[in-house]
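Topology and contacts: notes
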Amino acid sequence: MAGKNDPYGANRDMRGDFRAEIREFLGTRRARVTPEQAGLPAYGGDRRRVTGLRREEVALLAGISSEYYTRLERGNATGVSESVIDGIAQALQLDEAERIHLLDLLRGAGPPRPPRRRPAQQRVRPAVQRVLDSMTGTPAFVLSGRLDILAANALGRALFSPVYAASADPADSVRPPNNARFVFLDPHANAFFRDWDEVANDTVAMLRAEAGRDAYDRRLTDLIGELSTRSEEFRRRWAAHNVRIHTTGAKRLHHPVVGDLDLPFETFPLGTDSSQLLLTYTAEPASRSQEALNLLASWSATTNDAIAERESPAKPDPTDASNSAEPRD
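Parameters at a glance
Residues numbered from 1 in each chain as written. Predicted model: local features only at pLDDT ≥ 70, side-chain atom pairs only at ≥ 80, totals over all residues. Heavy atoms only, no water. Pairing = 2+ DSSP bridges. Helix = DSSP H or I, 4+ residues; strand = E, 2+ residues; numbered from the N terminus. Axes fitted to C-alpha atoms, helices over the stretch in contact; angles between N-to-C directions. Core = buried A, V, L, I, M, F, W, Y, C linked by side-chain atoms within 4.5 Å. Buried < 20%, exposed > 50% of the residue type's maximum accessible area, 1.4 Å probe, protein only. Contact = heavy atoms within 4.5 Å. Left-handed = near helix turned anticlockwise from the far one by under 90°. Nonpolar A, V, L, I, M, F, W, Y, C, P; charged D, E, K, R; others polar. pLDDT = per-residue confidence, 0-100. Phe/Tyr/Trp six-rings, centres within 6.5 Å; stacked < 30°, edge-to-face > 60°. Expected span 1.5 Å × (residues − 1). Polar contact = N/O pair within 3.5 Å; in protein donor to acceptor, adjacent residues only side chain to side chain. Salt bridge = Lys/Arg side-chain N within 4 Å of Asp/Glu carboxyl O.

As for the sheet that holds strand 3 (residues 248-255)
Here we have five strands laid out as an open sheet, ordered 2-1-5-4-3, and antiparallel in their pairing. Either end of the sheet is taken by a strand with one partner, and the two such strands are strand 2 (149-152) and strand 3. Adjacent strand axes in the sheet meet at a mean angle of 30 degrees when their direction is disregarded.

A look at the nonpolar core
Core analysis: the biggest nonpolar cluster contains 41 residues, and F160 and L207 have the highest contact counts within it. If sequence neighbours within four positions are ignored, L207 has contacts with G145, R146, L147, A180, L220, L223, L227, F234 and W238. If you look at the next biggest cluster of nonpolar residues, it comprises 28 residues, including A38, I64, A77 and L106.

Digging into the packing of helix 6 (residues 96-109) against helix 12 (residues 196-213)
One way to put it is that helix 6 packs onto helix 12 with a least axis distance of 8 Å and a crossing angle of 35 degrees. Crossing of helix 6 against helix 12: the hand is left-handed. Here H101, D104 and L105 of helix 6 come into contact with helix 12, specifically with R208, A209, G212 and R213. Considering only residue class, the contact of helix 6 with helix 12 consists of two nonpolar, two polar and three charged.

Structural notes on the confidence of the model for the protein chain
Averaged over all residues, the pLDDT of the protein chain is 85; the fraction at 70 or higher stands at 80%. Across residues 319-329, confidence stays below pLDDT 50; counting only partners more than four residues off in sequence or on other chains, it has four contacts.

Some words on the pairing of strand 1 (residues 140-144)
Judged by how many residues are buried, strand 1 sits mostly within the fold: five of five residues are covered. Both strand 1 and strand 5 (residues 276-281) contribute to a ladder of five bridges, which runs antiparallel. Pairing of F141 across the sheet is with L279, part of strand 5. Bridge count for strand 1 against strand 2 is three bridges, and the pairing is antiparallel. Across the sheet, V142 pairs through a bridge with A151, a residue of strand 2. In this structure, the hairpin formed by strand 1 and strand 2 is closed by a connection of four residues, where L147 is found at a positive phi of approximately 70 degrees.

Looking at the packing of aromatic side chains
Counting across every chain of the model gives 11 aromatic pairs. Measuring from ring centre to ring centre gives 6.2 Å for F141 and Y281, while their planes differ by 90 degrees; the resulting arrangement is edge-to-face. In this pair, F141 is assigned in strand 1 and Y281 in strand 5, connecting sequence segments 140 residues apart. Judged by its relative accessible area of 3%, Y281 is buried. Judged by centre distance (5.3 Å) and plane angle (85 degrees), the rings of F184 and F234 are edge-to-face. One end of the pair, F184, is in helix 10 (residues 179-185); the other, F234, is in helix 14 (residues 232-238), and 50 residues separate them in sequence.

A look at helix 6
For helix 6, spanning 14 residues, the distance from its first C-alpha to its last is 20 Å, which sits close to the expected 20 Å at 1.5 Å a residue. Within helix 6, 10 of the 14 residues are buried, which leaves it mostly tucked inside the rest of the structure. For helix 6, the set of buried residues is A97, E98, R99, H101, L102, D104, L105, L106, G108 and A109. Between the side-chain oxygen at the start of helix 6 and the backbone nitrogen of A97 there is a gap of 3.2 Å, and the oxygen is on D95.

Regarding the pattern of salt bridges
Pairs can form between side chains of opposite charge once their charged atoms are near each other. Tallied over the entire structure, the rule returns 22 salt bridges. R99 is paired through a salt bridge with E82; the nearest N and O atoms lie 2.8 Å apart. With R99 in helix 6 and E82 in helix 5 (residues 82-91), the pair connects residues that are 17 residues apart, well separated along the chain. Taking the relative accessible area as the measure of exposure, R99 reaches 17% and is therefore buried. In this structure E82 comes out as partly exposed when scored by relative accessible area, which is 46%. Across the salt bridge formed by R252 and D195, the nearest N and O atoms sit 2.8 Å from each other.

In structure tokens, the structure reads:
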């Protein structure tokens, strides 16, 4: 682990961690593909000691030697060609997210490279915030790769008010609201996400993919450590080594004010830095969910007006003699 004089792990050789990740990732991918699914005869029948493919079967399907694949699965990633990666991806039936994750792990296990330095707190450009605020009828957010909510518009804050409420603890005041922390550590998450189990799986898969992209992100490793320590549900899913690219889909929410909403979502990378994503939710026109969003917008405006009135300085009452500028006798 990083020492006291190296708080961000800048001098740490991360290749051992990546090699372990390669071994576990490829091992879990092998275990889920049966010989029948791969088009191979199931030699050994009930005497097979593995639930999925053997290493030599993966090597056969990938067109490489068994010895070479074994070395690769053990984390020896030196000089792996694109054709070999393609062969392994096809043999293990990897999807696009899994293939990208494998490439990230192989790159990390290669020659040492300078870690990417990121500021302790990511910032959202003012122009991006203006774009969010202009989307008055659409809940919109900017998320980090750690699933921090870095910015939102008014309707986004209203929609995810339970997430914001969970981060209102004074102990968390220096941290932005975080979707992963809410999903696994807040008791209200099961009620807010009507498909909590699916959301939990997706959340872990996104964090796992982000960890493969940048193992030097200290705030990410701290978050994973916190969730692993405090949540058995997180630990179990993390051990599965699943990854996912989560660019589009739908969320089924239950908001404490307006009830159930079914909201399709889209995500868009902000510039060339994939560490920040724009997330938007929409509703089908004239649907119950659209009515709920409209009601939520009215509730948000009323709530914000009440807060502004409560926090604004009291104006002097012109009828109050105590506020008169005339001197008293």
